[in-house]
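Structural description and commentary
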Amino acid sequence: MATSSMPSALKAYWLPLLLLSASIVFQLFVIPLSFPHSHYDVLGVKRYCSIEEVEEAYMKLMSKWNTGAEVRATTDFIKMQYAYELLRNPLWKRDYDNFGIDEQHDLVEAVKGQYAGRSFSEIDLPLLVAPSFDHGGSAFNAISSEEFRSIFDNERAWLIKIYSSGSSGCARFLNNWKKIDSLLDDVANTGMVELGEAQLATYLAEKRPTGQPFFRNGLPSLVAFPSGCRNADCMLRYEGGLSVDAVTDWFATTILSLPRILFYSKESLGQGLHGSPHKVKAIFFSKTGERATPFVRQAAKNYWAYAQFAYVLWRLEESSFWWNMFEVDSAPAIVILKDPGVKPLVHHGPVNSSWLLDILERNKMQDSPCLIFSSMVFSVLPQLRSVTSMELGCDAKGYSRAGNDTTTWYCVILAGRQSLELNKMRETIRKVQETLSRDDKLNAADKDPSAIALKNKRLTFAWLDGEAQKKYCFFYLNSENSYETCGPRRAPIDVPQLFIVRYKRNATEDSLKVEKKRKTVFDAFLDDDVDPASQLVARYNGSDDISLIIQWVSNIIEDGDSKDLPYFRTKTPELIPEDADPIWSRGARSIASKSMGVKEGIFKIRNMINDHLGDPRIGPLLLLGALIFFGKIWLQRSQSSHPNSSQPSRKDEVAGKRRKRAENISHQDRPSSITDVDPKDAYQFEISDSDSD
C-alpha cells in the first residue's frame, strides 16, 4: 500500500517539489555567484566606508603578514593588495561603489598565475597603475546635469559617451572617440558625460531589477538620442565593438537612417551602376576598405534622386585598369561620371563635407548648363525627370529658371529611347548649348534670341527618356512615327526627336477660376484642373547640323515673343518617378530586417534572464510558491480521502435530486386513486391490541 501511494504522492506534489528544488538551488548556488565577496569583505571593513578606514584596515593586515602572525597563501595577499589599491583611489572607489565597475579584475588572475608558488614578498607593487590622459572636456562638449535638458533644443541626433577619468578602457578609446567626433561633426552632435555627474550618469545607465545602476559592457558606454528624442524612453544603447568604423556605421544606419554605400570590384562595378542611367555616378576609391563616412552617406541620402554612389577598394595590382578607365592613379580619389561622351572628372585626395555638398549641389543631375569641377567647366545636358522638371523650367505647373516674374519661357527637349542614336543626338544638343553659352558667341551676335534667352534663363535644354516616360512623350509627339521614339521598343529602329515648348503665364488667367456645373457629386472627383501655363509645341524636322538647330530655336523664340499666339492650357501627364522610395527613407529603427529583429529579441531576453538571476527576491518567491501549492494540494487530497459524514457531499446532493425528480415523473404518469388524497374530516382509526374489541 505504501509502495503504491508514493508514486501517486509524487505525481500530486510535483509542482511544489520543483519550486522547492529551484529555490534551494537558487539560494545555494546562483546567489553566491551573483553576489561574490566584495573588496570591502576582503579587507574586513563595512561597505562604502571611507578611504581612511580602508587604509587603516590594510595596515593592520600587513602588520600580521610582516610579523608572521598570520601566514596565508600568496593568492590571499594578491586579493588583499588589489582591494586596497582599488579602494584607495578616489575615482576607482567612486565607480565601484556607485556602478560596480571593476574593469581591472582580470589582473588578479594574471598575477596569481605569474607568482604561483612564490612568496608574497616577491610580488612587484603596485599592482594597478592609474591611467593619465586628458579628455579635453571643453573641446569635446562635456555635458553636465544642468545642461542636459538644454541640449535637445537642437533637432539633430546626439551620440553621448559615458566615461570615467580613472578608466583605462576610456583612455584607450580616446583617439577613436576623437575620430568619431570629427566624422559626425557635420551630421550629428556628440557629447560626453563623466561618472562624476552622478545624477546624469545614473539616468543614462542600465538598471538591475533591484534598481542598482550598472553598465553591462563596462566603460566607455555609448548611448544615442535620435532626432526628436528627449528622454531615456527612446534612447538607444550601443553594444558592439568600439572601433571607429563599427560605431559610426551603427550610428549612421540605426540612428540617422542613412543608406549604406556598397563596395564593388572592377567586375561588378558596371553592373551595379547600370540600373540608374539617369543619375550621376560618384565613385569613391578607398585604400583602407572602411565604410563610407557619415557625411558621404548623408550626401547619398540627400541626393539619391540625382546621384548614385559606389565605393571601390584600391588594389595596387589593379591600378593600370583604373588608370585606363578613369585616369585614377592612387587612392583616396573620387570620380564623377556624367553623360556618355563627357570626360570623367577625377579628384585625388580626401574631401570634406562642404566640398562634396558643393559639387553635388552644382551638378545634381546636370540641372545647370555647365558642370563645374575644380577649375574645369564642361557642358552637360540635363535629363527631364519628375524631380528636375520644376528646377529646369520645363513644367507647365511651375515657372522659368529666371523666376516668377518671367511670363514667357522655352524648353527644348530631345526625346528618345536609350540607344546609340540618342547618345549621338545628345552630344549634338550639348554642342548647341555650349555654342550658345559661350561669351564670345553671345558678344558677337547679341541679337540672337536663343543666346539671349539662354543667358537670361528663359531657355533650357533637356533630354527625355521616351521609354520610361511614354505618356509624357506621346503627349507632345502624337504622330504616326511616335512609336519610333516613345514607349517600349517595337522595332530595331530608334529615332530621337527634338521639339520645343513655349510656356506662357497670364496673371489674369491665373486668377480666374472656371466655374463648371457638376451634374453629380462624383464629378468633383473626375474634374482635373488645367495647368496654369499655356503650352505651344513645335517639332524640329531638319538635320543634326548645329547651326540649323540654333537658327530653328531662335526663330521659335522670336515668334513666341513677338507674335500674339493662341493661349491654350491643358493638363500635362505627370512624369513618372524613376526610383521607388528607398527603404532607409522610412525612418530610424524601421529599416532593420526580420533576422536582425530576431537577434535583438534573443539578446534582450538573454540579458533580462541574466539580470533577474541576480535578484535576491527570486529564491524567497520560489519558496513561497512551493508552500502555497503544497498546502493547496494537501487540503484537496485530505478532503477527498476523509469526507464529512454529517454533511452530504456535493455528489450525494446531485444524486438525491436526480432520484426525487425521477419519482415525481413516475407519479405524474400513474392514474389517480381514492387513496391518493385523504377525504375531508377523515382520520386514522387506532387498532386495539385486544381481539375482543
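Scroll up to find the structure.
Quick look at the structure, then.

Definitions and limits used
Residues numbered from 1 in each chain as written. Predicted model: local features only at pLDDT ≥ 70, side-chain atom pairs only at ≥ 80, totals over all residues. Heavy atoms only, no water. Helix = DSSP H or I, 4+ residues; strand = E, 2+ residues; numbered from the N terminus. Contact = heavy atoms within 4.5 Å. Areas by Shrake-Rupley, 256 points an atom, 1.4 Å probe, with all protein chains shown as cover. Core = buried A, V, L, I, M, F, W, Y, C linked by side-chain atoms within 4.5 Å. Buried < 20%, exposed > 50% of the residue type's maximum accessible area, 1.4 Å probe, protein only. Pairing = 2+ DSSP bridges. Disulfide = S-S within 2.5 Å. Patch = residues over 30% accessible without salt bridge, like charges linked within 9 Å, V, L, I, M, F, W, Y side chains within 5 Å. Salt bridge = Lys/Arg side-chain N within 4 Å of Asp/Glu carboxyl O. Phe/Tyr/Trp six-rings, centres within 6.5 Å; stacked < 30°, edge-to-face > 60°. Polar contact = N/O pair within 3.5 Å; in protein donor to acceptor, adjacent residues only side chain to side chain. Axes fitted to C-alpha atoms, helices over the stretch in contact; angles between N-to-C directions. Left-handed = near helix turned anticlockwise from the far one by under 90°. Nonpolar A, V, L, I, M, F, W, Y, C, P; charged D, E, K, R; others polar. Expected span 1.5 Å × (residues − 1). Arc of directions from axis to C-beta.

1. Thoughts on the overall build of the protein chain
For the protein chain, the count of helices and strands is 25 helices and 17 strands. Expressed as a percentage of contacts within the protein chain between residues at least 6 apart in sequence, the contacts between residues at least 24 apart total 73%. Per element, the accessible surface of the protein chain, about 40300 Å² overall, is 54% carbon and sulfur.

2. A look at the nonpolar core
Side chains that are nonpolar tend, in soluble globular proteins, to be buried together. Counting 66 residues, the largest nonpolar core has Leu159, Ile160, Phe225, Phe251 and Phe309 as its most contacted members. By residue number, the principal contributor to this core is helix 10 (residues 244-255), which donates 6 residues. For Phe309, the residues in contact, after removing those within four places along its chain, are Ile261, Ala282, Phe284, Val296, Ala299, Ala300 and Leu360. Tyr40, Val45, Phe77 and Met80 belong to the second largest nonpolar core, which has 26 residues in total.

3. Overview of the pairing of strand 16 (residues 497-504)
Burial analysis of strand 16 places 7 of its 8 residues in the buried class, the great majority of the element. Note that strand 16 and strand 17 (residues 534-539) share 6 bridges and pair antiparallel. Bridging from a neighbouring strand, Phe499 pairs with Arg539 of strand 17.

4. Quick word on the state of the cysteines
Under the counting rule described, the total for this entry stands at 3 disulfides. Two residues, Cys229 and Cys234, share a disulfide whose sulfurs are 1.8 Å apart. The S-S bond linking Cys229 to Cys234 shows a torsion near 100°; that makes this disulfide right-handed. The disulfide bridge from Cys394 ends at Cys411, spanning 1.8 Å between sulfur atoms. Across the S-S bond linking Cys394 and Cys411, the dihedral sits near 80°, which makes this disulfide right-handed. Here Cys394, found in the loop between helix 15 (389-392) and strand 14 (408-416), pairs with Cys411, found in strand 14; they are 17 residues apart in sequence, far enough to count as distant. Judged by its relative accessible area of 1%, Cys394 falls in the buried class. Here Cys411 falls in the buried class, since its relative accessible area comes to 0%.

5. Things to note about a nonpolar patch on the surface
A grouping of Met6, Leu10, Leu17, Leu20, Ile24, Val25, Leu28, Phe29, Leu623 and Leu627 is seen on the molecular surface, where their side chains present a nonpolar patch of about 930 Å² in accessible area. Of all the elements in the fold, those that place two or more residues in the nonpolar patch are helix 1 (2-12), helix 2 (14-34) and helix 24 (618-641). It is helix 2 that provides the largest number of residues to the nonpolar patch, a total of 6 residues. Given the relative accessible area of 39%, Leu17 is considered partly exposed.

6. Quick word on unusual backbone geometry
Here Leu219 and Pro220 are connected by a cis peptide whose omega angle stands at 0°. Tracing the sequence through the fold places Pro220 in the loop between strand 4 (213-214) and strand 5 (221-225). The phi angle at Glu327 is positive, at roughly 65°, despite the residue not being glycine. Residue placement: Glu327 occurs in the loop between helix 13 (319-326) and strand 10 (333-337). Its identity is not glycine, yet Lys457 carries a phi of approximately 65°, on the positive side. In this fold, Lys457 is placed in the loop between helix 18 (449-455) and strand 15 (459-465).

7. Quick look at the packing of aromatic side chains
Inspection of the entire model under this criterion finds 28 aromatic pairs. Here Phe285 and Trp322 contribute two aromatic rings whose centre-to-centre distance is 5.1 Å and whose plane-to-plane angle is 75°, an arrangement assigned as edge-to-face. Remark: Trp322 occurs in helix 13 and Phe285 occurs in strand 8 (residues 280-286); sequence separation between them is 37 residues. The class for Phe285 is buried, based on a relative accessible area of 2%. Taking the relative accessible area as the measure of exposure, Trp322 reaches 1% and is therefore buried. Geometrically, the ring pair formed by Tyr540 and Trp552 is tilted, given 5.0 Å between the ring centres and 55° between the ring planes. Of this pair, Tyr540 sits in the loop between strand 17 and helix 22 (546-562) while Trp552 sits in helix 22, and the two are 12 residues apart along the sequence. This pair shows no difference in class: Tyr540 is buried, exactly as Trp552 is. An aromatic cluster is present here, built from Phe285, Trp314, Phe321, Trp322 and Phe326 joined pairwise through their rings.

8. Remarks on the pattern of salt bridges
Considering all chains together, one arrives at 20 salt bridges under this definition. One salt bridge in this structure joins Arg291 and Asp245, with 3.0 Å as the shortest N-O distance. Note that Arg291 is positioned in the loop between strand 8 and helix 12 (294-302) and Asp245 in helix 10, a separation of 46 residues in sequence. Owing to a relative accessible area of 22%, Asp245 belongs among the partly exposed residues under this scheme. Between Asp249 and Arg260 there is a salt bridge, and its shortest N-O distance comes to 2.8 Å. Here the residue Asp249 occupies a position in helix 10, and Arg260 occupies one in the loop between helix 10 and strand 7 (263-264), the gap between them amounting to 11 residues. With relative accessibility at 51%, the residue Arg260 sits in the exposed group. Put simply, Asp245, Asp249, Arg260, Arg291 and Arg297 are held in one network by salt bridges that share partners.

9. Overview of the side chain of Gln469
Along the chain, the position of Gln469 falls in the loop between strand 15 and helix 19 (470-476). Note on Gln469: relative accessible area 1%, which makes it buried. Polar contacts involving the side chain of Gln469 include one to the main-chain carbonyl oxygen of Ile576, which spans 2.7 Å.

10. Focus: the pairing of strand 5
Extensive coverage of strand 5 is indicated by the burial of 5 of its 5 residues. With burial as the criterion, each face of strand 5 is covered, one bearing Ser221, Val223 and Phe225 and the other bearing Leu222 and Ala224. Summarising the sheet, strand 1 (residues 158-163) and strand 5 pair through 5 bridges and their orientation is antiparallel. Residue pairing in the sheet places Ile162 in a bridge with Ser221 of strand 5. For strand 5 and strand 6 (residues 236-237), the ladder comprises 2 bridges, and the chain directions are antiparallel. Within strand 6, the residue paired with Ala224 across the bridge is Leu236.

11. Considerations on the packing of helix 8 (residues 168-183) against helix 10
Helix 10 packs onto helix 8 with a crossing angle of 35° between their chain directions and a minimal axis gap of 9 Å. For the element pair helix 8 and helix 10, the recorded crossing hand is right-handed. In this structure, helix 8 contributes Asn176, Lys179, Ile180 and Leu183 to the contact, and helix 10 contributes Val244, Val247 and Thr248. Looking at side-chain class alone, the contact of helix 8 with helix 10 contains 4 nonpolar, 2 polar and 1 charged residues.

12. Remarks on helix 4 (residues 51-67)
Under the 1.5 Å per step criterion, the end-to-end length of helix 4 is 24 Å for 17 residues, consistent within 8% with the ideal 24 Å. Considered for burial, the residues of helix 4 that qualify are Val54, Ala57, Tyr58, Leu61, Met62 and Trp65. On an axial view of helix 4, the arc spanned by its buried residues comes to 135°, and they lie on one face. With respect to the buried face of helix 4, the exposed residues turned more than 90 degrees away are Glu52, Met59, Lys60, Asn66 and Thr67. Summarising the contacts, the buried residues of helix 4 are in contact with helix 3 (39-43) and helix 5 (74-88). At the C-terminal side of helix 4, Gly68 shows a positive phi close to 80°.

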